[in-house]
Amino acid sequence: MFEYEIHLMDHARLVREADAERLAQEAARTDTRSPRHFGRRSGGRKSGGRVSAGGRGRFVRAA
């Protein structure tokens, strides 16, 4: 069982390293492009807006 646990820990370490490398590469690619705005927009308006019947201070965001 001990060898299996070592194998699992080693595998988890390799997966973490691969994820970190992938995220670093994605970050490097997005830095060279123009900034992106995520989320839906409708008619040139932002995706989140006030809810008219929701009361004071309530906001909604499009799905």
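Everything numeric in this text was worked out from a predicted model, so none of it was measured.

Brief notes about the overall build of the protein chain
No. 1: What the protein chain contains, in helices and strands, is 1 helix and 2 strands.
No. 2: What you see in the protein chain, going N to C, is helices and strands ordered as α-β-β.
No. 3: Every one of the 63 residues in the protein chain was classed for burial, and the buried ones make up 2%.

Details of the pattern of salt bridges
No. 1: For the structure shown, the criterion picks out 4 salt bridges.
No. 2: Across the salt bridge formed by Arg-13 and Glu-17, the nearest N and O atoms sit 2.9 Å from each other. Of this pair, Arg-13 and Glu-17 both sit in helix H1 (residues 2-32), 4 residues apart, which is roughly one turn of the helix.
No. 3: One connected set of salt bridges, linked through shared partners, spans Asp-10, Arg-13 and Glu-17.

What about the confidence of the model for the protein chain?
Segments scoring low in pLDDT should not have their predicted coordinates read at a detailed level.
No. 1: Summing up the model confidence of the protein chain, the mean pLDDT is 75 and the portion of residues at 70 or higher is 49%.
No. 2: Strand E1 (residues 48-50) is the least confidently modelled element of the protein chain, averaging 54 in pLDDT, while H1 averages 92, the highest of any element.

Criteria and thresholds
- Residues numbered from 1 in each chain as written.
- Predicted model: local features only at pLDDT ≥ 70, side-chain atom pairs only at ≥ 80, totals over all residues.
- Heavy atoms only, no water.
- Helix = DSSP H or I, 4+ residues; strand = E, 2+ residues; numbered from the N terminus.
- Buried < 20%, exposed > 50% of the residue type's maximum accessible area, 1.4 Å probe, protein only.
- Salt bridge = Lys/Arg side-chain N within 4 Å of Asp/Glu carboxyl O.
- pLDDT = per-residue confidence, 0-100.

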